[in-house]
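Architecture at a glance
Chain residues, written in single-letter form:
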Amino acid sequence: MAALRALRPFRHREFRVLISALSISIFGSGMWAVAMVYEVIHLGGGPLELSLVATAASVGLVGFVLAGGIAADRFPQRLLIIAVEGANLAVIATVTLLAMLNVLQLWHLAIGAFVLGVGQAFFFPAYSALLPRILPAEDLLAANGMEGTVRPILQQAAGPAIAGILVAAFSPAHSIAGVAACHFLAFAILNFLGRQNTGVPETSPDHNASRSFLRDLREGFSYTVRTPWLLWTLVWACLSVLFLIGPIEVLLPFVVRDQIGGDSRMFGFLLAVMGVGSAVAALATASFPLPRRYLTVMVVTWGLGSLPVAAIGFMDSVWLLGAAMLIFGVTEGMGTVIWGTLLQRRVPRHLLGRISSLDFFVSLALMPVSMALAGPVAEVVPIWLIFLVAGLVCPFMAFVAVFAARMMTDEIENPLTPATSEATDTQPDAV
């Protein structure tokens, strides 16, 4: 029964089309992460040039994600998703052609990466806002769990692995051609999305075509500030990104080297363990009903999952480090699936794109800050102390968020059943 629950969204034709295209697209994104690196190296670039290309993608994503949320609330999400995938295809196909002709230059790659980042900024708010329009409320948890399962498997494991094989067997240009093929397939599949009930934005009572960008943005911020469970979850997310991402991404390799004598392969193994844990937890969460205490379970799970991080600076065994990363990945995957479902179930539909993009922006904006601070701080503070503080601050703030937002009362007063969900005023039929 649990397995059947996780597969229930596949009863709906529109979801089958959407998840198929999304899976192929994120597989291509995983390939691009490796193909881009080796194409930069093939062109004679080093760490600086690679950093510039990667930064171009981040600038495109962070700079346009709030605009992407507003677009998702103003325009049909189906058309936005198809347009983004079409733009991705055009960019990668152009880069492939230039690479095959041996005329590709680094600035071409930087522009391409920037456009791909902008595409992500528009794609995911539209995707998040589209799901509750094509699925009944009771299937949203399973749908988010399915996405949370395929993303780490395809984007962090399978895609990079296939790209590495193509680079080694042929050339980086051939690997980029594989990325283009993925985006072509995804674009073709997305055109099979039905035109009815697939992303025609609903409007709030005072909505009209002349509304300004700033007014739309202000409405999203205003809703967030006056909604305690949403505000305090985002506050916790800000702090967790700031305290956790830098140590894990920047300092963990030095822990692996100095404490257990490992190398890059061991570091990659630890990240893979975290990704697998996240994927398995996402699938498991999708296989069961949403917890009655959904807010408490989500935030406390995230908080407690950070506790093993506090001990990383003292660990001298790869198995202990692996267990810590596994717990962190499992709790991250479980909480993320619940969080995505809450946004789709409790946020008014005419605001869902903006709130989703705000959530995305919060996470992305502080990620480079955390990574930039980790190195300098480690020059003056012992690494074990950095991990200790990070692993203790996050659980503490999780409990602060639960009580400050009165989550235990809120979740009882707002049970998430199909009859009470704000997002279930129109129920799609299985096709």
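A closer look at the overall build of the protein chain
Counting its regular elements, the protein chain contains 15 helices and zero strands. A compact globule built from 431 residues would reach a C-alpha radius of gyration of about 22 Å, and the protein chain, at 21 Å, matches this within 12%. Each of the three principal axes of the protein chain carries a C-alpha extent, and together these read 55 × 50 × 45 Å. Burial statistics for the protein chain: of 431 residues in total, 53% are counted as buried.

A few points about unusual backbone geometry
Of note in this structure, Asn-102 is not a glycine but carries a positive phi near 60°. With respect to the secondary-structure elements, Asn-102 resides in the loop between helix 4 (77-100) and helix 5 (106-134). Asn-102 sits in the exposed class, given a relative accessible area of 66%. Positive phi, close to 50°, is recorded for Arg-406, a residue that is not glycine. The topology assignment puts Arg-406 in the loop between helix 14 (383-404) and helix 15 (407-413). Residue class for Arg-406 comes out exposed when judged on its relative accessible area of 52%.

Concerning the packing of helix 12 (residues 318-346) against helix 13 (residues 349-380)
Relative orientation of the contacting elements helix 12 and helix 13 amounts to 150°, with a least axis distance of 10 Å. Relative to helix 13, helix 12 is oriented roughly antiparallel. Once helix 12 is placed against helix 13, the crossing between them reads as right-handed. Across the interface between the two elements, Trp-339, Leu-343 and Gln-344 from helix 12 touch Leu-352, Ile-355, Ser-356 and Asp-359 from helix 13. Class assignment for the residues of the contact of helix 12 with helix 13 results in four nonpolar, two polar and one charged.

Regarding the environment of Glu-39
You can see Glu-39 is positioned in helix 2 (residues 13-42). For Glu-39, the contacting residues outside a window of four places in its chain are Ala-99, Leu-104, Leu-109, Pro-172, Ala-173 and Ile-176.

Notes on the confidence of the model for the protein chain
Per-residue confidence for the protein chain gives a mean pLDDT of 82, with 90% of residues at or over 70. In the model of the protein chain, helix 1 (residues 2-7) stands out as the element of lowest mean pLDDT, 65, in contrast to helix 7 (residues 172-190), which has the highest, 94. Predicted confidence for residues 202-210 stays below pLDDT 50, and this span has 12 contacts to residues more than four positions away or in other chains. Low pLDDT, under 50, characterises residues 419-431; the stretch is placed with 31 contacts to residues that sit more than four places away or in other chains.

Structural notes on empty space enclosed by the protein
Throughout the structure, instances matching the rule amount to one cavity of 30 Å³ or more. Put simply, the largest cavity is a space of about 60 Å³. Listing elements by their share of the lining of the largest cavity, those giving two or more residues are helix 8 (213-225) and helix 13. For the lining of the largest cavity, a count of residues per class yields five nonpolar, two polar and two charged.

Section: the side chain of Ser-25
With respect to the secondary-structure elements, Ser-25 resides in helix 2. Among the polar contacts listed, one links the side chain of Ser-25 to the side chain of Glu-85, at a separation of 3.1 Å. With residues up to four places along the chain from it excluded, the contact list for Ser-25 reads Glu-85, His-183 and Ala-186.

Considering the environment of Arg-293
With respect to the helices and strands, the residue Arg-293 is situated in the loop between helix 10 (264-286) and helix 11 (294-305). Judged by its relative accessible area of 34%, Arg-293 falls in the partly exposed class. One polar contact links the side chain of Arg-293 to the main-chain carbonyl oxygen of Met-408, over a distance of 2.6 Å. A polar contact is formed between the side chain of Arg-293 and the side chain of Glu-411, at a distance of 3.3 Å.

Description of a nonpolar patch on the surface
Together, Leu-304, Leu-307, Leu-392, Phe-399, Phe-403 and Met-408 line one region of the surface with nonpolar side chains, adding up to about 550 Å² of accessible area. For the nonpolar patch, the element with the most residues is helix 14, which contributes three residues.

What to know about helix 7
Between its first and last C-alpha, helix 7 extends 27 Å over 19 residues, near the 27 Å set by a 1.5 Å rise per residue. Buried within helix 7 we find Pro-172, Ala-173, Ser-175, Ile-176, Gly-178, Val-179, Ala-180, Cys-182, His-183, Ala-186 and Leu-190. Of the surrounding secondary structure, the elements contacted by the buried residues of helix 7 are helix 2, helix 4 and helix 6 (140-169).

Considering the packing of helix 9 (residues 228-260) against helix 11
It is the contact of helix 9 with helix 11, at a shortest axis distance of 12 Å, that shows an interaxial angle of 10°. As summarised for this structure, helix 9 and helix 11 are arranged roughly parallel, according to the angle between their axes. Along the contact surface, helix 9 presents Trp-229, Thr-233 and Trp-236, while helix 11 presents Leu-295, Met-298, Val-299, Trp-302 and Gly-303. Looking at side-chain class alone, the contact of helix 9 with helix 11 contains six nonpolar, two polar and no charged residues.

Focus on the packing of aromatic side chains
Counted according to the given criterion, the structure contains seven aromatic pairs. Judged by centre distance (6.2 Å) and plane angle (80°), the rings of Phe-64 and Phe-114 are edge-to-face. Here the residue Phe-64 occupies a position in helix 3 (residues 47-74), and Phe-114 occupies one in helix 5, the gap between them amounting to 50 residues. Under the relative-accessibility criterion, Phe-114 is labelled partly exposed at 30%. Seen in terms of ring centroids, Trp-229 and Trp-339 are 6.0 Å apart; in terms of plane orientation they differ by 75°. Their pairing is edge-to-face. With a gap of 110 residues between them, Trp-229 in helix 9 and Trp-339 in helix 12 connect regions that are remote in the sequence. The two residues Trp-229 and Trp-339 agree in class, both being buried. Among the aromatic residues, those joined into a ring-pair cluster are Phe-123, Phe-124 and Tyr-127.

Basis of the calculations
Going along each chain's sequence as written, the residues are numbered from 1 onward. The predicted nature of this model means local features are confined to residues of pLDDT at least 70 and side-chain atom pairs, given and counted, to a pLDDT of 80 or more, with totals for whole chains, interfaces and linings taken over all residues. Calculated side-chain values reflect all of the structure's heavy atoms, with hydrogen atoms and water omitted. Think of it this way: any DSSP run of H or I at least four residues long counts as a helix, any run of E at least two long counts as a strand, and we number them from the N terminus. As defined in this context, the radius of gyration uses C-alpha atoms, and a globule is described by 2.2 Å times the residue total to the power 0.38. Between buried and exposed lies partly exposed: a residue is buried under 20% and exposed over 50% of the maximum accessible area for its type, with that area taken using a 1.4 Å probe on protein chains only. To obtain an axis, a line is fitted to C-alpha atoms, over the contacting stretch when the element is a helix, and the angle between two such axes runs from 0 to 180 degrees between their N-to-C directions. The cut-offs work like this: below 35 degrees is roughly parallel, past 145 is roughly antiparallel, 65 to 115 is roughly perpendicular, and the gaps in between are oblique. Crossings are classed by handedness, with left-handed meaning an anticlockwise turn of the near helix from the far one by less than a right angle and right-handed meaning a clockwise turn. By the convention used here, residues are in contact when the closest approach between their heavy atoms is within 4.5 Å. Classes in brief: Ala, Val, Leu, Ile, Met, Phe, Trp, Tyr, Cys and Pro nonpolar; Asp, Glu, Lys and Arg charged; the others, Gly included, polar. Here pLDDT means the predictor's own confidence in every residue, given as a number from 0 to 100. Definitions used throughout: a 1 Å grid over protein atoms alone; a cavity as a set of points that fits a 1.4 Å probe which cannot get out; a pocket as an open set with protein on both sides within 12 Å along at least five of seven lines; a lining residue as one with an atom within 4 Å of a point. Grid points are joined across faces, edges and corners, and a volume is the space filled by probe spheres set on the points. Pairs of N or O atoms are called polar contacts if they sit within 3.5 Å, as long as, within protein, a hydrogen donor faces a hydrogen acceptor (for residues adjacent in sequence, only side-chain-to-side-chain pairs). Residues forming no salt bridge and having over 30% relative accessible area are the ones grouped into patches, like charges within 9 Å of each other and nonpolar side chains (Val, Leu, Ile, Met, Phe, Trp, Tyr) within 5 Å. Areas reported here follow the Shrake-Rupley algorithm with a probe of radius 1.4 Å; residue values treat only the protein chains shown as occluding. One side-chain nitrogen of Lys or Arg within 4 Å of one carboxyl oxygen of Asp or Glu is enough to make a salt bridge. Each residue after the first adds 1.5 Å to the expected span of a helix. Aromatic rings from Phe, Tyr and Trp, taking only the six-membered ring of Trp, are treated as a pair when their centres fall within 6.5 Å; an angle between ring planes under 30 degrees marks them as stacked, one over 60 as edge-to-face, and anything in between as tilted.

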